[in-house]
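Working through the structure, step by step
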Amino acid sequence: MNRIHFIFGGVLLLLFAAIAGYRLLTGGNAHDAAISPQSSTHISAQRTEDDERSVRFWQLHRQAGAERIAGNYERAIRLYKAALELDPRHEDALYYLSNVYLELGRLADAERTLQRLTEAYPANARGRLRRGELYLCYADESVFDPERAAAEFTRAIRLNQEETGPMLRRAQAALVLGHLHDARRWFTAVVATNESSIEAHYLLGYVSWEASDQDAADARYREAFRLLHLEDGRDDPVVGEGDRENGTNIRPGEQQTCPAMENLLDAVLTQPVDANASDAAETAYAIVDCQVGRLRSRMTAGSVTSSDGEASDVKSCTTRSVDAEYSRSNER
């Protein structure tokens with residue numbers, strides 16, 4: 001029995017020795033290859049190239065941001081595009097490049113850039129918001145599409161339910177589409193989160209005015225007017241749900257992210273502080289009705305070919321023209 005154990009133990013020792021020798025041999029060769037001078041040099045060179053590429057990208061990105069803030073948009077575009085050659089999927093570079101294109105009215109370029117952003121990052125809420133604004137806020141026949149805008153705003157809301165900006169835009173899209181029940185729901189959601197939203201109060205009043213609820217319209221108008229003039233001496237009153245990089249609030253009439261919508265506030269912004277609320281509301285909402293009606297006509301007529309044309313056309317809904325076209329106050 002001892003002899004058998006001895007023989008069996010010897011076989012096991014030989015087997016383990018063979019396995020260990022094989023591993024040592026093959027492992028040693030792999031290790032030698034991993035640390036060969038050629039491989040080490042290649043890895044070191046690749047790391048250096050990547051580091052230099054990253055440094056260059058951030059240099060270009062910072063320069064582009066400085067030029068954009070300074071209003072040097074053409075130079076900012078060149079710098080953002082150069083940065084994107086180094087990192088084609090960079091979120092901030094794509095987002096801010098699209099904003100520069102929008103500032104210059106280069107809507108097709110903005111759309112292509114926003115498409116790149118949202119395809120690369122489907123969960124990018126601000127990209128969805130800006131893409132919706134492209135389809136709602138610039139009444140160029142090539143991009144104006146409130147239905148697509150509403151869909152993008154809905155996606156932005158699902159991605160970020162803490163911000164009221166997408167909700168406000170979603171309500172405005174519903175307003176242009178003539179979906180007043182939907183508009184009321186979203187404007188109410190904005191007010192529930194942000195009680196100081198002048199736009200939401202004001203346009204909720206318009207929805208009530210459309211429903212012939214004059215008392216509710218007057219009440220919303222008075223609240224919007226009160227919020228607007230809450231602090232007459234304040235340098236920077238809050239009006240909308242915009243995004244300023246320096247953290248300051250957007251002033252009345254300064255919401256450049258949505259030119260087609262910002263004009264809806266003109267009537268309340270130009271009323272004197274001591275204006276009769278009921279009369280002022282009637283006049284203001286008749287003007288808004290004219291403006292919204294003209295925006296709705298864009299969906300079928302396609303008569304506007306530039307955002308500048310849209311701005312001048314909407315602003316032509318003056319009190320005088322409204323008095324000639326609308327007589328709601330006499331009908332009620």
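Here's what I pulled together on the structure shown here. Given the structure is predicted, the values throughout are model-derived calculations rather than measurements. (Residues numbered from 1 in each chain as written. Predicted model: local features only at pLDDT ≥ 70, side-chain atom pairs only at ≥ 80, totals over all residues. Heavy atoms only, no water.)

**What to know about the overall build of the protein chain**
- Looking only at helices and strands, one finds 17 helices and zero strands in the protein chain.
- A total of 332 residues make up the protein chain; the buried ones form 42% of that total.
- Once local pairs closer than 6 in sequence are excluded, the contacts in the protein chain between residues at least 24 apart make up 58%.
- Within the structure as shown, the protein chain displays about 17,800 Å² of accessible surface, and the carbon and sulfur contribution to it stands at 51%. (Helix = DSSP H or I, 4+ residues; strand = E, 2+ residues; numbered from the N terminus. Buried < 20%, exposed > 50% of the residue type's maximum accessible area, 1.4 Å probe, protein only. Contact = heavy atoms within 4.5 Å. Areas by Shrake-Rupley, 256 points an atom, 1.4 Å probe, with all protein chains shown as cover.)

**Regarding the packing of aromatic side chains**
- One pass over the full model with this rule turns up eight aromatic pairs.
- Where Tyr95 meets Tyr96, the ring centres are 5.2 Å apart and the plane angle is 75 degrees; that geometry is what we call edge-to-face.
- Seen from their ring centres, Tyr202 and Tyr221 are 6.1 Å apart, and the 55 degrees between their planes marks the pair as tilted. Separated by 19 residues along the polypeptide, Tyr202 in helix α10 (residues 198–210) and Tyr221 in helix α11 (residues 214–228) bring together distant segments of the chain.
- Accessibility expressed as a relative area gives 0% for Tyr202, which makes it buried.
- For Tyr221, a relative accessible area of 2% translates into the label buried.
- Clustering of aromatic rings is evident, with ring pairs tying together Tyr202, Tyr206, Trp209, Tyr221, Phe225 and Tyr285.
- Between Arg89 and the ring centre of Tyr121, over which it is positioned, the NZ or CZ distance is 5.3 Å. (Phe/Tyr/Trp six-rings, centres within 6.5 Å; stacked < 30°, edge-to-face > 60°. Lys NZ or Arg CZ within 6 Å of the ring centre and 35° of its normal.)

**Some points on the state of the cysteines**
- Per the counting criterion, the structure on display carries one disulfide.
- There is a disulfide in this structure between Cys137 and Cys258, and the S-S distance comes to 1.9 Å. Around the S-S axis, the bridge from Cys137 to Cys258 shows a dihedral of about -85 degrees and counts as left-handed. Separated by 121 residues along the polypeptide, Cys137 in helix α6 (residues 125–137) and Cys258 in the loop between α11 and α12 (259–262) bring together distant segments of the chain. As far as burial versus exposure is concerned, Cys137 and Cys258 are alike and both buried. (Disulfide = S-S within 2.5 Å.)

**Considerations on the packing of helix α8 (residues 165–177) against α10**
- At a closest axis distance of 11 Å, the pairing of α8 and α10 adopts a crossing angle of 25 degrees. As judged from the angle between their axes, α8 and α10 are roughly parallel. Where α8 crosses over α10, the two elements pack in a sense that is left-handed. Residue-level inspection shows Leu168, Gln172 and Leu175 of α8 in contact with α10, the latter providing Glu199, Ala200, Leu203, Tyr206 and Val207. (Axes fitted to C-alpha atoms, helices over the stretch in contact; angles between N-to-C directions. Parallel < 35°, antiparallel > 145°, perpendicular 65-115°, else oblique. Left-handed = near helix turned anticlockwise from the far one by under 90°.)

**Considering the pattern of salt bridges**
- Enumeration over the complete set of coordinates arrives at 14 salt bridges.
- Note that Arg106 and Asp109 form a salt bridge whose closest N and O atoms lie 3.0 Å from each other.
- Looking at Arg106, the relative accessible area reads 30%, which means it is partly exposed.
- When the shortest N-O distance is used, the salt bridge between Arg169 and Glu133 registers 2.9 Å. You can see Arg169 sitting in helix α8 and its partner Glu133 sitting in helix α6, a full 36 residues away along the chain.
- Relative accessible area serves as the criterion here: at 4%, Arg169 is assigned to the buried category.
- Exposure remark for Glu133: the relative accessible area of 3% places this residue in the buried category.
- Because the salt bridges share partners, they merge into one network encompassing Glu74, Arg106, Asp109 and Arg112. (Salt bridge = Lys/Arg side-chain N within 4 Å of Asp/Glu carboxyl O.)

**Description of unusual backbone geometry**
- Phi angles above zero are rare outside glycine, and Ser212 is one such case at about 65 degrees.
- Checked against the element boundaries, Ser212 lands in the loop between α10 and α11.

**Things to note about the environment of Ala120**
- Relative to the helices and strands, Ala120 resides in helix α5 (residues 107–120).
- Sequence-wise, Ala120 and Pro88 are 32 residues apart; in three dimensions their C-alpha atoms are separated by 9.8 Å.

**Description of α6**
- Between its terminal C-alpha atoms α6 stretches 18 Å, which fits the 18 Å expected from 13 residues at 1.5 Å a residue.
- Across the 13 residues that make up α6, a large majority, twelve, are buried.
- Turning to α6, the residues buried within the fold contact α4 (91–103), α5, α7 (146–159), α8 and α12. (Expected span 1.5 Å × (residues − 1).)

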